[in-house]
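# Structural overview for review
Okay, here's what each chain looks like letter by letter:
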Number of protein chains: 2
Amino acid sequence: MASADLLDTLTPMIVPAILPWIAPVQSGMQAVEARLRQAAADEHILLTAVIDGLLRAGGKRVRPALCLLSAGSFDADFENAVVVAAGIELLHTATLVHDDLIDGASMRRSAPTLNSTWDPDAAVLAGDYLFSRAANLVLQAGDLKVMELFVRTLMVVLNGEIAQRFSRWQIDRKEYYQRIYAKTAAMFVLAMQAPAILAQAESELLEAIVEYGHDVGMAFQIVDDVLDISGSIEQVGKPIGSDLRQGLFTLPAIIYAEANPDDADLLVVLNERDGNHPAIERLIEKVRRAGAVEAAMEEARRLAAQGQSALARLPDSVYVSGMFALAETVVKRQG
Amino acid sequence: MASADLLDTLTPMIVPAILPWIAPVQSGMQAVEARLRQAAADEHILLTAVIDGLLRAGGKRVRPALCLLSAGSFDADFENAVVVAAGIELLHTATLVHDDLIDGASMRRSAPTLNSTWDPDAAVLAGDYLFSRAANLVLQAGDLKVMELFVRTLMVVLNGEIAQRFSRWQIDRKEYYQRIYAKTAAMFVLAMQAPAILAQAESELLEAIVEYGHDVGMAFQIVDDVLDISGSIEQVGKPIGSDLRQGLFTLPAIIYAEANPDDADLLVVLNERDGNHPAIERLIEKVRRAGAVEAAMEEARRLAAQGQSALARLPDSVYVSGMFALAETVVKRQG
């Protein structure tokens, strides 16, 4: 695949920012893309079409890029790293399909969701199939420990999603950090740790790369949550304030609520627990205008810098420089 | 666990019939039951409660019993066979949770389904979690080939379910056989083949056990489909004729339709494609009264006998005798 084709698959807006860190793994990313496209080629024609559509819709491919950067830094086998990277991206896609179904979301990546275009039942099965296909890809690396890590990560993600269902309309910073770990950082850790296991890296180096994955994953999700509040519908590809409408208090809203516990709209929102209540719109506006957005971004930048400092414990390489640049990009992205 | 407790977990009606073949693997089945109960002990309290409830509701535990019989006949490692058997039962449970959700079913095993008591969204996540936990169990056997077979089987099951969604209101015997292979026989094959792989069985023996699993699995599903037409609500634990109401022509209905292509109710049903149309009730009654039920049972008995004859290629043992008896039970069961 030509490099221009690869770039077509990335969300156009972030391509310029992505380039500095994607450069060292560009050929690997093309191999990942080819693996992803194969992943649905030989099944029921409608399943193939749906999965192909999901993959064409793009996404930032941050997880496979991280996985390949880690593989480069540990000199892991290229082919094995590529299938693991593709498997992680497919796992991520599977969780998005079921998330959108559960949230009743109609938009993702500026495109209609599977549950809104196909039908919700088919979205259940297509998501299930993507889980199994993702596992099938990772198995091709032939490493039981990597497969165990992959499955344990999926358990963490799912247990976190179930816990989230029972923590709506609650303001709890500790619960928020647990939630974004399960939702995002756990899979970033998987992406960094799997190649280190493939390459049988020393435990000190493994710990450093796990710390980096954790910190950058947490920062990535905080930025995502900030954009849900502060962005425009064009930037995030879905309606603004959707978290709060679903009763999920993310970091900006938590910071605002902690600073303004007696805000009248906040009290109404917590009392009514109704995503369509007019007080929700007013609360979203207040969080946008307050310093809460900037304070949350400050926390994201702190985590990204902490992740960068963990990289100092790894031997210097073009791949580690790529990780360093990626941590930078994560907290600067606009969509 | 005492043997009486184990029997409590089986559907009461079929316990007497099950006893002859379960005897050689009774201690293994108790170990499987213990593993299943552990499988949800350490997660979000509501997830734990839901999975425990699903497992307590019982089910026939045919797949783990088959797996243990195969393990006994090949002298596979006991602990590894137990985790694989438990993983297969959990995989089966996961597919049921999503099936019931998709079908909008409100009853299963004479009890309310998860989607009707908890909520549909939670049923998506609980099913996903069960998939990951099932994979986690099978991984504990430490065999990559077994894990590959497990994941490939899941892909077959899911691709089959998706194909089924696009084959409603069609009378196609070939498609029916493909469908019941994907739905049931593939998992029976997994249960028989996995222990043979664990024990590194010779290829001739492996082929024989795969044939047995295939044939008994096909027979099992045909009997299930016959009971859906010919049984009582007490026997099958859910409303009668539910397949046909969903547009799924199973073997008895296919046999009836092949023999009576001009039946007025049949033509209305195929034309209207409406599960609530009064012609459906009349068609179900006709299929019940015609020789179609007996002809379908004849096909199930033929397949079960074919599976039994494959067993002649295995060294004689108490486990092989158990498999022989199980093939008998499958075509005699009433629920």
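Look up: the structure comes first, before these words.
Residues numbered from 1 in each chain as written. Chains lettered and ligands numbered in written order. Predicted model: local features only at pLDDT ≥ 70, side-chain atom pairs only at ≥ 80, totals over all residues. Heavy atoms only, no water.

Below, the discussion takes up the packing of helix H5 (residues 62–74) of chain A against helix H10 (residues 173–198) of chain A. All names here are of chain A. Contact pair H5 / H10: the axes reach a minimum separation of 7 Å and the direction vectors enclose 30 degrees. By the criterion of interaxial angle, the relationship of H5 to H10 is roughly parallel. H5 and H10 meet at a crossing whose hand is right-handed. Mapping the contact onto sequence places Val62, Arg63, Leu66, Cys67, Ser70, Ala71 and Phe74 in H5 and Thr184, Met187, Phe188, Ala191, Met192, Pro195 and Ala196 in H10. Its residues placed into classes, the contact of H5 with H10 shows eleven nonpolar, two polar and one charged. (Axes fitted to C-alpha atoms, helices over the stretch in contact; angles between N-to-C directions. Helix = DSSP H or I, 4+ residues; strand = E, 2+ residues; numbered from the N terminus. Parallel < 35°, antiparallel > 145°, perpendicular 65-115°, else oblique. Left-handed = near helix turned anticlockwise from the far one by under 90°. Contact = heavy atoms within 4.5 Å. Nonpolar A, V, L, I, M, F, W, Y, C, P; charged D, E, K, R; others polar.)

Glancing now at the interface of chain B and chain A. Every contact between the two is made by 38 residues of chain B and, on the other side, 38 residues of chain A. Of the roughly 3500 Å² buried between chain B and chain A on both sides combined, carbon and sulfur atoms contribute 75%. Counting the contacts that link chain B with chain A gives one salt bridge. Measuring nitrogen to oxygen at the nearest pair gives 4.0 Å for the salt bridge that ties Asp121 of chain A to Arg165 of chain B. Counting across the interface, chain B meets chain A through two residue pairs in polar contact (both at pLDDT 80 or more). Among the elements of the structure, helix H4 (45–56), helix H6 (78–103), helix H8 (120–139) and helix H9 (144–165) of chain B are those that each provide at least two residues to the side of chain B that touches chain A. Across the side of chain B that touches chain A, the residue classes tally to 22 nonpolar, six polar and ten charged. (Buried area = accessible area lost by both parts, 1.4 Å probe. Salt bridge = Lys/Arg side-chain N within 4 Å of Asp/Glu carboxyl O. Polar contact = N/O pair within 3.5 Å; in protein donor to acceptor, adjacent residues only side chain to side chain.)

Once turned by 180 degrees and shifted 0.0 Å along the axis, chain B lies on chain A with an RMSD of 0.0 Å. Taken together, the rotation and translation relating the two chain copies correspond to the operation of a two-fold axis. Taking C-alpha positions as reference, the residue of chain B nearest the rotation axis is Leu144 of chain B, located at 3.2 Å. Both copies present the same face, since 100% of the interface residues in chain B are matched by interface residues at the equivalent positions in chain A. (Least-squares fit on C-alpha atoms with pLDDT ≥ 70 in both.)

All chains considered together, the criterion is met by 33 salt bridges over all chains. Between Asp265 of chain A and Arg282 of chain A there is a salt bridge, with its nearest N and O atoms 2.9 Å apart. Of the two residues, Asp265 of chain A is situated in helix H15 (residues 264–272) and Arg282 of chain A in helix H16 (residues 278–289); the sequence distance between them amounts to 17 residues. A residue is classified by how much of its surface remains accessible, and Asp265 of chain A, at 9% relative accessible area, is buried. Classification of Arg282 of chain A as partly exposed rests on a relative accessible area of 42%. Between Arg289 of chain B and Glu285 of chain B there is a salt bridge, with the nearest N and O atoms lying 3.9 Å from each other. Taken together, the positions of Arg289 of chain B and Glu285 of chain B, both in helix H16 (residues 278–289) and four residues apart, correspond to about one turn of that helix. Taking the relative accessible area as the measure of exposure, Glu285 of chain B reaches 36% and is therefore partly exposed. Among the charged side chains, a salt-bridge network with shared partners connects Glu33, Arg37, Arg61 and Glu89 of chain A. (Buried < 20%, exposed > 50% of the residue type's maximum accessible area, 1.4 Å probe, protein only.)

Quick look at the packing of H10 of chain A against helix H14 (residues 251–259) of chain A now. Residues and elements named next belong to chain A. The contact between H10 and H14 brings their axes to 11 Å, and the two run at 175 degrees. As judged from the angle between their axes, H10 and H14 are roughly antiparallel. Here Arg173, Tyr176 and Tyr177 of H10 lie close against H14, whose contacting residues are Leu251, Ile254, Ile255 and Glu258. In terms of residue class, the contact of H10 with H14 is built from five nonpolar, no polar and two charged.

Residue and element names in this part refer to chain A. Here helix H18 (residues 318–330) spans 18 Å end to end across 13 residues, near enough to the 18 Å set by a 1.5 Å rise per residue. Where H18 is concerned, the buried positions are Val320, Gly322, Met323, Leu326, Ala327, Thr329 and Val330. For H18, the N-terminal cap is Ser317; the gap from its side-chain oxygen to the backbone nitrogen of Tyr319 is 3.2 Å. (Expected span 1.5 Å × (residues − 1).)

So, about unusual backbone geometry. Note: most residues except glycine have negative phi, and most peptide bonds are trans. Positive phi, close to 50 degrees, is recorded for Arg273 of chain A, a residue that is not glycine. Tracing the chain through its elements places Arg273 of chain A in the loop between H15 and H16. Residue classification places Arg273 of chain A among the partly exposed residues on the basis of a relative accessible area of 48%. The phi dihedral of Asp75 of chain B falls on the positive side, at around 55 degrees, and the residue is not glycine.

Moving on, we come to the packing of aromatic side chains. Residue and element names in this part refer to chain B. Going through the model one piece at a time under the given rule, you end up with four aromatic pairs over all chains. Between the aromatic rings of Tyr176 and Tyr177, the centroid separation amounts to 5.6 Å while the plane-to-plane angle is 80 degrees, which identifies the pairing as edge-to-face. Residue classification places Tyr176 among the buried residues on the basis of a relative accessible area of 0%. Relative to Phe220, the ring of Phe188 lies with its centre 5.2 Å away and its plane at 45 degrees, an arrangement referred to as tilted. On the criterion of sequence distance, the pair formed by Phe188 in helix H10 (residues 173–198) and Phe220 in helix H11 (residues 203–230) is long-range, its members being 32 residues apart. Accessibility expressed as a relative area gives 0% for Phe188, which makes it buried. (Phe/Tyr/Trp six-rings, centres within 6.5 Å; stacked < 30°, edge-to-face > 60°.)

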